[in-house]
Amino acid sequence: MDTIFAQATAPGRAGVSVIRISGPYAFDVATQISGALPASHHASLREFRSTDGELIDRGLVLPFQAPHSFTGEDVIELHLHGSTAVTSAMLEMLSKMTGLRLAEPGEFTRRALENEKLDLAQVEGLADLIDAETEAQRKQAVRVFSGHLGDLVEIWRSDLIRAAALLEATIDFADEEVPVDVTPEVTALLKKVVEGIEKEVAGSKISERIRSGFEVAIIGAPNTGKSTLLNALAGRDAAITSDVAGTTRDIVEVRMNLRGLPVTLLDTAGLRDTEDTVESIGIDRAISRAGDADLRVFLSMPGEALPIVPSPDDIVVHPKADMFPNETDAVSGRTGKGVDALVAKIAHVLEQRSMGSGVATHARHRTAMVAALQGIAQSEDVLRFGSEQYEMAAEELRIAVRSLEAVVGRIGVENLLDEIFTSFCIGK
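Below is a summary of the structure that appears in this document. Counting starts from 1 at the beginning of each chain's written sequence and moves along it residue by residue. Under the rules for a predicted model, residues below a pLDDT of 70 receive no local features and side-chain atom pairs below 80 are neither given nor counted, while totals for whole chains, interfaces and linings still include all residues. The basis for every side-chain value is the complete set of non-hydrogen atoms in the structure, without hydrogens or water.

### Description of the environment of Ser40
Topologically, Ser40 is positioned in the loop between helix H1 (26-34) and strand S3 (44-49). Any two residues having at least one pair of non-hydrogen atoms within 4.5 Å are treated as being in contact. Not counting residues within four places of it along the chain, the set of residues in contact with Ser40 comprises Pro63, Phe64 and Gln65. Secondary structure elements are defined from DSSP: runs of H or I of at least 4 residues count as helices, runs of E of at least 2 residues count as strands, and each element is numbered from the N terminus.

Here it is as structure tokens:
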């Protein structure tokens, strides 16, 4: 396998720049650059020199001997001063050395997968951790990167393999004098697995929302202060405000961190009957997007009818609290009255939903788990016909096992790998 290198820290001026080298020639290259290497996992201060002996920089060299490294190969980290000139000089020198090439996006992580240092779910967790913007996203990504989903899959997989083995053992000894009815034990194992997978499937949609962000739509008639409220929540003039009804015609999105949760606020067109073609398109989009949102905040006066009916978790507040000081549950983006209380309500609803999240964070995880449930259900259907159908039941369980193995990348995911790893930066 080629020896690869890349800058692992962000490009540009910084206090420290880290260059990572991985592969069979990593230690030889580092020895040429810095002299004798320290013991594995021990950093040491060295002078880094070019092939003609010119001093490039003084910094730390940190070796990781295979298989005890991120990639599972021999790995060297060079910690340089974070000057763009120093980093460029080192990268330029490495590019001219025999046996080395610049790493492709995500290639270090891909080698970790190929060398079984990570499973595919952990790889996705690492990508999510790098992209995490909020505390909730960080915590969730750390759980996946730590292998929690892989651990669950392994438990389910082991139970299904045990159930299939029991059925196959009965088939093998069908002619013996002492037949054993394994149905109760198999049924108990399948029930346990189904309960675990169903719980994870139920929480996967919330997990996806934590990863990608919740959407909260602000809904109301024209001139109820939706755009002003959005600007107040965002802390900036994200939407145009005016006294002219129908100013907002397209959906304005503002992404924010709401008490550790990723939230995208949607300012929508005022809902009313109109003959204006452009405004009508905006209203149709508002109704459609509000219907897909995770939560809706309605700005409406008591008795006011809107074309969207609030769901039980939706929040209904009265607009323009500065003009109606005696109204309860009122909010004003202009004065800030009620804004903190509204933020607290939104956060409470989303926090309650987040409590039901699992560790399956991608749609493909859910798809594979649902396929496994289907295989188990078909196996249970066949089991009802008795021992004559045990062979068919065992085959359905093997199909379910293969579906679960796709979650962690053991089989059937080759077509996904390029897409997943190109989302990484080159140094990862």
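### Re the sheet that holds strand S1 (residues 3-7)
When DSSP locates at least two bridges between a pair of strands, those strands are taken to pair. Ordered by their spatial adjacency, six strands build an open sheet running S3-S4-S5-S2-S1-S6, and the pairing between neighbours is mixed. In the strand order of this sheet, the two ends are held by S3 and strand S6 (100-102), each with one partner. In this sheet, adjacent strand axes meet at a mean angle of 30° when their direction is disregarded. To get an axis, fit a line to the C-alpha atoms, keeping to the stretch in contact for a helix; angles then go from 0 to 180 degrees between the N-to-C directions. Relative to S1, helix H3 (residues 107-114) is tilted by about 135°, and along the sheet it contacts S1, strand S2 (16-22) and S6.

### Some thoughts on the environment of Val359
Locating Val359 in the fold gives a position in the loop between helix H10 (339-354) and helix H11 (363-383). Residue burial is assigned from relative accessible area. The probe radius is 1.4 Å, only protein chains are included, and a residue is buried under 20% of its type maximum, exposed over 50%, and partly exposed in between. Using a relative accessible area of 3% as the deciding quantity, one classes Val359 as buried. Separated by 211 residues in sequence, Val359 and His148 have C-alpha atoms that sit 6.9 Å apart. Dropping the residues within four chain positions of it, Val359 is found in contact with Arg143, Val144, His148, Leu149, Leu152, Glu200 and Ser207.

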